[in-house]
Amino acid sequence: ITVYGHAYTKAEGNATFQVGANNTMNQARNSTTANMVGVDTYGMVLDLCKFEEKLQGCDCIVTGEGSFDGQSLMGKVIGSLNERAGKAAEGTGKNIPLYVFCGQNKMEGLPGGIAEIIEISAGQDREYAMAHAAENLEAAAENWAKQIL
């Protein structure tokens, strides 16, 4: 993966893509004279990517968050994905499950629209989890894929 002209390894790529997307959104917010309050900038990116069009052949959506909590669904990528998947389901009748991989799950229960929250570093202390995030994600993704396929 390449973000801002820098090539990253497979292990760095996942986290770097999210950082790159967040940096792009922050730059969009900060570089305009228009009033960006209340503007769904992640939704704007989804529009540019033709997200709804890409959902048509999709069986599921897989995304991630370092720490999944109540804020994850408000004004962040996961919230925008969840909202768009819900609207697509209303329009087509096809439910597209949203799976969230996270380092830490701080949510009680399963929020509406989320099929499953996969905590990749459960029981690990923060330093260990951060140092082994790529390994944890790979193992969790492999286990998840075996369950759903």
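Let me begin by describing the structure that accompanies this report.

Rules used throughout
Residues numbered from 1 in each chain as written. Predicted model: local features only at pLDDT ≥ 70, side-chain atom pairs only at ≥ 80, totals over all residues. Heavy atoms only, no water. Phe/Tyr/Trp six-rings, centres within 6.5 Å; stacked < 30°, edge-to-face > 60°. Helix = DSSP H or I, 4+ residues; strand = E, 2+ residues; numbered from the N terminus. Buried < 20%, exposed > 50% of the residue type's maximum accessible area, 1.4 Å probe, protein only. Core = buried A, V, L, I, M, F, W, Y, C linked by side-chain atoms within 4.5 Å.

Some details on the packing of aromatic side chains
Summed over all chains, the structure comprises two aromatic pairs. When the ring of Y99 is compared with that of W144, the centres are 5.0 Å apart and the planes differ by 65°; the resulting orientation is edge-to-face. A residue pair is termed long-range when its members are at least 10 positions apart, and Y99 in strand β4 (residues 98-105) and W144 in helix α6 (residues 133-148) qualify at 45 residues. The exposure class of Y99 is buried, given its relative accessible area of 12%. Taken together, a centroid distance of 5.6 Å and an interplanar angle of 85° make the contact between F101 and W144 edge-to-face. A residue pair is termed long-range when its members are at least 10 positions apart, and F101 in strand β4 and W144 in helix α6 qualify at 43 residues.

Overview of the nonpolar core
Counting 17 residues, the largest nonpolar core has I61, L81 and L98 as the members making the most contacts within it. Going through the elements one at a time, α2 (41-48), α3 (51-55), β3 (61-68), α4 (77-92), β4 and β5 (114-119) are the ones with two or more residues in this core. Within the second largest apolar cluster, six residues are counted, among which are Y99, F101, I118 and A140.

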